[in-house]
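Okay, here's what each chain looks like letter by letter:
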Amino acid sequence: MEQQSKYENTAYAVLWGLLFAAPVLSLWVRTASDASIAFDWREVIVVWRQLSIFLLLFLVHNFILAPLLVYRQKRWLYVMLTVCMVGAFTCYQCSHRPNGMERHWPPHIEEAFDHRPPENHRGDYGERPRDLEDRPHDMGERPHDLPELHHRPPTFVGQHDIVAIVVLILMCGMNLGIKLYFKNRKDQKKLVELEKENLEQQLEYLKYQINPHFFMNTLNNIHALVDIDPQKAQETILELSKMMRFVLYEGDKHDVPLTKEFEFIRTYINLMRLRYTDKVSISVDLPQEVPDKTVPPLMLISFIENAFKHGVSYQQNSFIDVKIEVRGQRSEERGMWLHFLCRNSKAEKPNEEKGGVGLQNVKKRLKLLYDQQYTLKIQDDEVYQVELEIPLDN
């Protein structure tokens, strides 16, 4: 907020600095081009005096009136006070007009008409009085294209006053536009920060939904192995401790190295192998050489969990195939991408375990993390297949 105010005030200072420098530069250019004209600071001071009035009104509008509309949304109060300010300026401008005249002709023209005959001595319309025919031309004969001067009461608002009022209104509009521009920038920045904070909260929520689900399935596996093979159950506990260490120390991070994520997947699948018989064929193909890239933790394991949950049957042969590749190493345009493929058979009576969060949360997480930069294809035919492609962080 302070930074935005600094930029706004700097813009105002530059604009007003240029306005106050303009009469000085204009007079300097005139004196430089015409040696007969002397540099007279009195002309500059006259312009500065008028600009000072506008500057004072600008400060009132900028620090008192405009915030009522821009920040406090008090439209009627802003309109009424602004109209009062313009009205007060109009009265001041008209009351300080020199001699109350609307037009001021050069001195030699004014002097030429000082001794005009009375109205009743003038000829008819279009007739030239005789005393003006004998007047020499050096007395300042009125050209035909100049309007006659009448000794009538002056108007309240002159042409110069109208221009000044219009300039004041435009100045207020410019000030209001700049304030709205900087406020819009500040609001957009705040909106981006709120969206980022909301994104992080949603990711944390989804992550904490996935972790309990994973541990519930793992504990069910250990419970089954305790009765079947106690020694394998002990080995399973050791494998579980490795996974718990990963979840506790790496699961709360934004991303983890590929090596740790792949090791976690290997450990999980090895643990699941201990639970099933030879009727379940499990194949895993992970890259041997892993680049120094990162991925979101516990992202891929959700699809593998889903495959074990719905693709394994104790009554018939079933399979689960997991393959992960790192593609695009030599493509500078596309960068490096992680390709994940998981295929599993569809059991007639799948192993339905309560507490699953499903694939909807995984899709939400992918959407929040990658927006439109990922590809997810799910085929649910005779074989259930999940194909995911995500970009790797640099």
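Colleague: It is not clear to me how the pattern of salt bridges should be interpreted in this structure. Could you clarify?
Modeller: All chains considered together, the criterion is met by nine salt bridges. The salt bridge involving Glu43 is made with Arg30; its shortest N-O contact spans 3.6 Å. Here Glu43, found in helix α2 (residues 41-70), pairs with Arg30, found in helix α1 (residues 2-33); they are 13 residues apart in sequence, far enough to count as distant. Residue Arg30 is classed as partly exposed on the basis of its relative accessible area of 36%. Between Lys323 and Glu325 there is a salt bridge, and its shortest N-O distance comes to 3.7 Å. Several salt bridges converge on common partners, so that one network encompasses Lys323, Glu325 and Arg327.

Colleague: How should the environment of Leu238 be read in this particular structure?
Modeller: Tracing the chain through its elements places Leu238 in helix α7 (residues 230-250). Judged by its relative accessible area of 56%, Leu238 is exposed.

Colleague: Quick question: what am I supposed to make of the pairing of strand β4 (residues 318-327) here?
Modeller: Two faces belong to every sheet, and in a regular strand the side chains alternate between them. With burial as the criterion, only one face of β4 is covered, namely that bearing Ser318, Ile320, Val322, Ile324 and Val326; the residues Phe319, Asp321, Lys323, Glu325 and Arg327 on the opposite face remain uncovered. Judged from the six bridges that link them, strand β2 (residues 280-285) and β4 form a sheet pairing that is parallel. Bridged to Ile282 within β4 is Ile320. Pairing geometry for β4 and strand β5 (residues 337-345), over eight bridges, is antiparallel. Each bridged residue has a counterpart across the sheet, and for Ile320 the counterpart in β5 is Asn344.

Colleague: How should the state of the cysteines be read in this particular structure?
Modeller: What makes a disulfide is a covalent bond joining the sulfur atoms belonging to two cysteines. If you walk through the whole model with that rule in mind, you get zero disulfides. In this structure Cys94 is not part of a disulfide, and its nearest cysteine sulfur, from Cys91, lies 7.1 Å away.

Colleague: Looking at this model, I keep getting lost on helix α10 (residues 360-370). Mind explaining?
Modeller: Think of an α-helix as 3.6 residues a turn; residues three or four steps apart then line up on the same face. Listed in full, the buried residues belonging to α10 are Asn361, Val362, Arg365, Leu366 and Tyr370. One side of α10 holds all its buried residues, which, seen down the axis, span an arc of 140 degrees. Opposite the packed face of α10, turned more than 90 degrees from it, sit the exposed residues Gln360 and Lys364. Positive backbone phi, at 55 degrees, marks Asp371, one or two positions downstream of α10.

Colleague: Just to check I follow, could you spell out a nonpolar patch on the surface for this structure?
Modeller: A cluster of nonpolar side chains, contributed by Trp76, Leu77, Val79, Met80, Leu81 and Val83, occupies part of the molecular surface with about 610 Å² of accessible area. Its location among the elements puts Val79 in helix α3 (residues 75-95). According to the relative accessible area criterion, Val79 is partly exposed, its value standing at 40%.

Colleague: I keep staring at the packing of aromatic side chains and nothing clicks. Help me out?
Modeller: Aromatic ring pairs: the centre-centre distance and the angle between the two ring planes describe each pair. In this structure the tally under the stated criterion is ten aromatic pairs. With 6.1 Å between their ring centres and 80 degrees between their planes, Tyr268 and Phe308 make a pair best called edge-to-face. Of this pair, Tyr268 sits in helix α8 (residues 258-273) while Phe308 sits in helix α9 (residues 301-311); the two residues are 40 residues apart in sequence, bridging distant segments of the chain. Judged by relative accessible area, Tyr268 falls into the buried class, the value being 1%. These aromatic residues form a ring-pair network of at least three members: Tyr12, Trp16, Phe20, Phe39, Trp41, Trp48 and Phe58.

Colleague: Quick question: what am I supposed to make of unusual backbone geometry here?
Modeller: Across the chain, the bulk of peptide bonds are trans and the bulk of non-glycine residues have phi less than zero. For Gln73, which is not glycine, the phi dihedral falls at a positive 55 degrees. Assignment of secondary structure puts Gln73 in the loop between α2 and α3. Here Gln73 falls in the partly exposed class, since its relative accessible area comes to 44%.

Colleague: So what exactly am I meant to see when it comes to the sheet that holds β4 here?
Modeller: Spatially, five strands are ordered β2-β4-β5-β7-β6 in an open sheet, and the strand pairing comes out mixed. The sheet terminates laterally at β2 and β6 (375-380), the two strands that pair on one side only. The sheet shows a mean angle of 5 degrees between the axes of neighbouring strands, direction not considered. Packed onto the sheet, α8 meets β2, β4 and β5 and runs at close to 165 degrees relative to β2. Seen against the sheet, α10 touches β6 and β7 (383-391) and runs at an angle of roughly 20 degrees to β7.

Colleague: What's the story with the pairing of β7 in this structure? I'm lost.
Modeller: Across the nine residues of β7, seven count as buried, placing the element largely inside the fold. As judged from the nine bridges shared by β5 and β7, these two strands associate in the antiparallel manner. Bridge pairing in β7 links Asn344 to Tyr384. Note that β6 and β7 share six bridges and pair antiparallel.

Colleague: I would appreciate a short explanation of the packing of α2 against α3 in the present structure.
Modeller: Helix-helix packing is characterised by the crossing angle of the two axes and by the distance between the axes. Where α2 contacts α3, the two axes come as close as 9 Å, and the packing angle between them is 170 degrees. The orientation of α2 with respect to α3, classified from their angle, is roughly antiparallel. The crossing of α2 and α3 is right-handed. In contact with Gln50, Ile53, Phe54, Leu57, Val60, His61, Leu65, Ala66, Leu68 and Leu69 of α2, α3 contributes Arg75, Leu77, Tyr78, Leu81, Thr82, Met85, Phe89, Tyr92 and Gln93. Residue classes in the contact of α2 with α3 are distributed as 14 nonpolar, four polar and one charged.

Conventions used here
- Along each chain, the written sequence defines residue order, and numbers are assigned to residues from 1.
- It should be noted that, the model being predicted, local features are given only for residues of pLDDT at least 70 and side-chain atom pairs only at 80 or more, the latter also being counted only at that level, while totals for whole chains, interfaces and linings use all residues.
- Only heavy atoms go into the side-chain values, all of them from the structure, while hydrogens and water stay out.
- By convention in these notes, a salt bridge is any Lys or Arg side-chain nitrogen within 4 Å of a carboxyl oxygen on Asp or Glu.
- By definition, any uninterrupted DSSP run of H or I lasting at least four residues is a helix, any uninterrupted run of E lasting at least two residues is a strand, and each is numbered from the N terminus.
- Relative accessibility decides the category of a residue: with a 1.4 Å probe and only protein chains considered, values under 20% of the type maximum give buried, values over 50% give exposed, and everything between is partly exposed.
- When DSSP finds two or more bridges between a pair of strands, those strands are recorded as paired.
- Only a pair of cysteine sulfur atoms within 2.5 Å counts as a disulfide in this structure description.
- To obtain the arc, one takes the directions from the helix axis to the C-beta atoms.
- Two joining distances apply to patches: 9 Å for like charges and 5 Å for nonpolar side chains (Val, Leu, Ile, Met, Phe, Trp, Tyr), and every residue must have over 30% relative accessible area and no salt bridge.
- Here the Shrake-Rupley method, with its probe set to 1.4 Å, supplies the accessible areas, and only the displayed protein chains count as covering residues.
- Aromatic rings from Phe, Tyr and Trp, taking only the six-membered ring of Trp, are treated as a pair when their centres fall within 6.5 Å; an angle between ring planes under 30 degrees marks them as stacked, one over 60 as edge-to-face, and anything in between as tilted.
- Inter-axis angles, ranging from 0 to 180 degrees, are taken between N-to-C directions of lines fitted to C-alpha atoms, where helices are fitted over the stretch in contact.
- Between two residues, a contact is recorded if the distance between any of their heavy atoms is within 4.5 Å.
- In this scheme, roughly parallel covers angles under 35 degrees and roughly antiparallel covers those over 145, while 65 to 115 is roughly perpendicular and the rest are oblique.
- Note: crossing handedness is left-handed where the near helix turns anticlockwise from the far helix by less than a right angle, and right-handed where it turns clockwise.
- Under the convention adopted here, Pro, Cys and the residues Ala, Val, Leu, Ile, Met, Phe, Trp and Tyr are nonpolar, Asp, Glu, Lys and Arg are charged, and Gly plus all remaining residues are polar.

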